[in-house]
Amino acid sequence: MELQINGQRTQADADPATPLLWVLRDQLNLTGTKFGCGIAACGACTVHVDGQAVRSCVTQVSSVQGKDIRTIESLGSAEKPHALQQAWIAEQVPQCGYCQSGMLMAAAALLARTPKPTDADIDAAMSNICRCGTYQRVRAAIHRAANSVSSGATKSASNGAVPKTTGSAA
Ligand code: FES
Ligand code: FES
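Residues numbered from 1 in each chain as written. Chains lettered and ligands numbered in written order. Predicted model: local features only at pLDDT ≥ 70, side-chain atom pairs only at ≥ 80, totals over all residues.

**Describing the overall build of the chain**
When you go through the chain residue by residue, the secondary structure sums to five helices and five strands. By residue count, 44% of the 170 residues in the chain fall in the buried class. Contacts spanning at least 24 positions in sequence make up 70% of the contacts within the chain whose residues lie at least 6 apart. (Helix = DSSP H or I, 4+ residues; strand = E, 2+ residues; numbered from the N terminus. Buried ≥ 20, exposed ≤ 12 C-beta atoms within 10 Å, placed from the backbone. Contact = placed C-beta atoms within 7 Å.)

**Considering the packing of helix H2 (residues 83-90) against helix H3 (residues 100-113)**
Where H2 meets H3, the closest approach of the two axes is 10 Å, and the angle between their N-to-C directions is 125°. In this view, H2 runs oblique relative to H3, as classed from their interaxial angle. Where H2 crosses over H3, the handedness of that crossing is right-handed. Residues Leu84, Gln85 and Trp88 of H2 form the contact with H3, whose own contacting residues are Leu104, Ala107 and Ala108. Its residues assigned to classes, the contact of H2 with H3 shows five nonpolar, one polar and no charged. (Axes fitted to C-alpha atoms, helices over the stretch in contact; angles between N-to-C directions. Parallel < 35°, antiparallel > 145°, perpendicular 65-115°, else oblique. Left-handed = near helix turned anticlockwise from the far one by under 90°. Nonpolar A, V, L, I, M, F, W, Y, C, P; charged D, E, K, R; others polar.)

**Quick word on the sheet that holds strand E2 (residues 8-11)**
The five strands are arranged E2-E1-E5-E3-E4 in an open sheet whose pairing can be described as mixed. Of all the strands in the sheet, just E2 and strand E4 (52-55) have a single pairing partner and so form its edges. Recorded for the sheet is a direction-independent mean angle of 40° between the axes of neighbouring strands. Across the sheet, H3 lies against strand E3 (46-49) and E4, angled at about 35° from E3, the strand it touches most. (Pairing = 2+ DSSP bridges.)

**Quick word on unusual backbone geometry**
Backbone geometry at Asn6 places phi at a positive 50°, although glycine is not the residue there. Its place among the elements puts Asn6 in the loop between strand E1 (2-5) and E2. Notably, Ala40 is not glycine yet its phi reads approximately 65°, a positive angle. If you trace the backbone, Ala40 turns up in the loop between helix H1 (20-27) and E3.

**Here's the deal with the environment of Arg139**
Mapped onto the elements, Arg139 comes out in helix H5 (residues 135-151). Looking at Arg139, the number of C-beta atoms within 10 Å reads 18, which means it is partly exposed. Along the primary structure Arg139 and Ala107 are separated by 32 residues, whereas in three dimensions their C-alpha atoms are 9.3 Å apart. Non-local contacts of Arg139, meaning those with residues more than four positions away in its chain, are made with Asp119 and Ile122.

**Remarks on the pairing of E4**
Here E3 pairs with E4 via four bridges, running antiparallel. Residue pairing in the sheet places Thr46 in a bridge with Arg55 of E4. The turn joining E3 and E4, which pair antiparallel and follow one another in sequence, is formed by two residues; a positive phi near 50° is taken by Asp50.

**Looking at the environment of Ala12**
Following the sequence through the fold, Ala12 ends up in the loop between E2 and H1. Owing to 17 C-beta atoms within 10 Å, Ala12 belongs among the partly exposed residues under this scheme. Distance from Ala12 to Leu24, taken between C-alpha atoms, is 9.1 Å for residues 12 residues apart in sequence. Ala12 has contacts with Met1, Leu3, Val23, Gln27, Leu28 and Val61, leaving out every residue within four places of it along the chain.

**Digging into the packing of H3 against H5**
Two elements in contact, H3 and H5, have axes whose closest approach is 11 Å; the angle formed by their N-to-C orientations is 45°. Relative to H5, the element H3 lies oblique. Classified by chirality, the crossing of H5 by H3 is right-handed. On the side of H3, the interface is formed by Met103, Ala107, Leu110 and Leu111, while H5 contributes Val138, Ile142, Ala145 and Ala146. A class-by-class count of the residues in the contact of H3 with H5 yields eight nonpolar, no polar and no charged.

Have a look at this one:
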């Protein structure tokens, strides 16, 4: 089947019921998206589908044919990091790092629909689980990124600009 991933048409040979996560990781070598629980509970596998944050471990690959799929690999680059990635570094958010790509994708979807989120907005949207307890730093980094984008202090990558899509950290 044909998939649209990170702006490119990609062929995947998978049973239609295969979770998107495994197509990304095992077939397409997009290993930035992580497996944590497999039951939509932790958010480590969060990607964007048509701008919505979705948990790829419970998303059948057949359900995302023809949709715009974005993974952490498209959020920014080392040369041109996304505003959130810059904020993540500034706030020293990652500890072990395992949950962080999912956190970033959920945060990007949040900022797309709520450019200046309150603490309550962040707490409501960021249901991702971090076993290292980075929640306070995640919140600080989201505020920092929101402020940098609104002030124009941060110029993010063309593909790293806060996407003008809507979504939720479902
Ligand atoms: S691996 Fe998908 S939510 Fe935990
Ligand atoms: S940084 Fe270790 S699980 Fe979140």
